[in-house]
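The lines below spell out each chain.
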Amino acid sequence: MRDDGAGLNYEGLRKKAISVGLISESAPLSKSDIVDLLFQSGVSTATTVTDISGRGVGMDVVKRAVVDVGGKIEVDSTPGAGTTFTVTVPRNASTQIFDGYMVRCFSGESYVLPLGQVVEAFGILPAEVSGIVGKEKIVNRKGNVFPLHELDSLFGSAAIFPNPDQPVNKMGVVIEIRGKKTVLAVKEIIGIQKVVCKQVEGSMLDNEFFDGASISGTGHVSMIINVEKLLGKYL
């Protein structure tokens, strides 16, 4: 979770911790020590108290919940540039239920994309695709040009665009990662569904392309894609 705000007020946090008796005024503190104060109950640099903030209660609860399941929280902040919170929890910390975007590839396999990273879907016209056979392709969408990747080929299946003019009915799913957009080409959009993420063991998770699997009511298994790991090298 990242913002582009003012960053942490290190001096403000130190003074607040002193005022509530957490540390002494002469205590030597590194930036890491001051960041740890964020997660102490009663520490807040807010100048006013509202119904939802200013009491210094909340961050301590978050950290306790994360630590209780074996996770951790890391904070990286630059004054004037913003703050990044990285929350890491074990894969088997709990059963995760989230909104998944279900798609089907030309290979017949269905996959789950995280809905939060899906911008839109559209039908790809042959005239909108350009590129050299065997090389990366691009697609023109509403006057903007995006990298185009066939989901099948990213998993080692045959490419579905042997040449740019091939008349194949295909759908494009616009994915946004860290502010950058790319398009995944698939055969069919199945739709948005509530998905239960099940832990998967073995070689399927060795490449980190998958976060787990979802099992439908009919018993069909669909792998849940970690799109950032899958597309990271192309961004």
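Q: Any chance you could explain the layout of surface pockets here in plain terms?
A: In this approach, a probe sized like a water molecule rolls over the atoms, and the result shows the empty space that is left. Here the largest pocket defines a volume of roughly 910 Å³. Forming the boundary of the largest pocket are 22 residues, of which Val87, Val89, Gln96, Asp211 and Asn226 lie nearest the centre. Looking at the lining of the largest pocket, the elements that each hand over two or more residues are β2 (82–88), β3 (96–104), β12 (210–215), β13 (221–225) and α5 (227–231). The element contributing the most residues to the lining of the largest pocket is β2, with 4 residues. The residue makeup of the lining of the largest pocket, split by class, is 12 nonpolar, 5 polar and 5 charged.

Q: Is there a simple way to explain the side chain of Ser222 in this structure?
A: Inspection of the secondary structure puts Ser222 in strand β13. In terms of polar contacts, Ser222 uses its side chain to reach the side chain of Ser110, at 2.7 Å. Among all residues touching Ser222, those that are not within four sequence positions of it are Met102, Ser110, Tyr111, Val112, Ala213 and Ser214.

Q: What is the right way to read the sheet that holds strand β8 (residues 144–150) from this model?
A: Think of a sheet as strands paired side by side through backbone hydrogen bonds, with each pair either parallel or antiparallel. One open sheet holds the 6 strands; their spatial order is β5-β9-β10-β8-β7-β6, and the pairing between them is mixed. Two strands close off the open sheet at either side, each with one partner strand: β5 (118–124) and β6 (129–131). Each strand axis lies, on average, 35 degrees off the axis of its neighbour in the sheet, ignoring direction. Strand direction decides the pairing type here: strand β7 (residues 137–141) and β8, joined by 5 bridges, are antiparallel.

Q: Looking at this structure, how should I read the pattern of salt bridges?
A: Charged atoms that come close allow side chains of opposite charge to pair. Taken as a whole and assessed by the stated rule, the structure comprises 6 salt bridges. Arg104 is the partner of Glu188 in a salt bridge, and the nearest nitrogen-oxygen pair spans 2.8 Å. Here Glu188 is found in strand β11 (residues 188–197), whereas its partner Arg104 is found in strand β3, with 84 residues between them in sequence. With relative accessibility at 29%, the residue Arg104 sits in the partly exposed group. Salt-bridge contacts for Glu120 lead to Lys142; the nearest nitrogen and oxygen are separated by 3.8 Å. Linking Glu120 in strand β5 with Lys142 in the loop between β7 and β8, this pair joins segments that are 22 residues apart in sequence. The class of Lys142 is exposed, set by a relative accessible area of 64%. Bridged by salt links that share partners, the residues Glu120, Arg141 and Lys142 form one connected network.

Reading the values: rules and limits
Residues numbered from 1 in each chain as written. Predicted model: local features only at pLDDT ≥ 70, side-chain atom pairs only at ≥ 80, totals over all residues. Heavy atoms only, no water. 1 Å grid on protein atoms, 1.4 Å probe; cavity = no way out; pocket = protein on both sides within 12 Å on 5 of 7 lines; lining within 4 Å. Points joined across faces, edges and corners; volume = space filled by probe spheres on them. Helix = DSSP H or I, 4+ residues; strand = E, 2+ residues; numbered from the N terminus. Nonpolar A, V, L, I, M, F, W, Y, C, P; charged D, E, K, R; others polar. Polar contact = N/O pair within 3.5 Å; in protein donor to acceptor, adjacent residues only side chain to side chain. Contact = heavy atoms within 4.5 Å. Pairing = 2+ DSSP bridges. Axes fitted to C-alpha atoms, helices over the stretch in contact; angles between N-to-C directions. Salt bridge = Lys/Arg side-chain N within 4 Å of Asp/Glu carboxyl O. Buried < 20%, exposed > 50% of the residue type's maximum accessible area, 1.4 Å probe, protein only.

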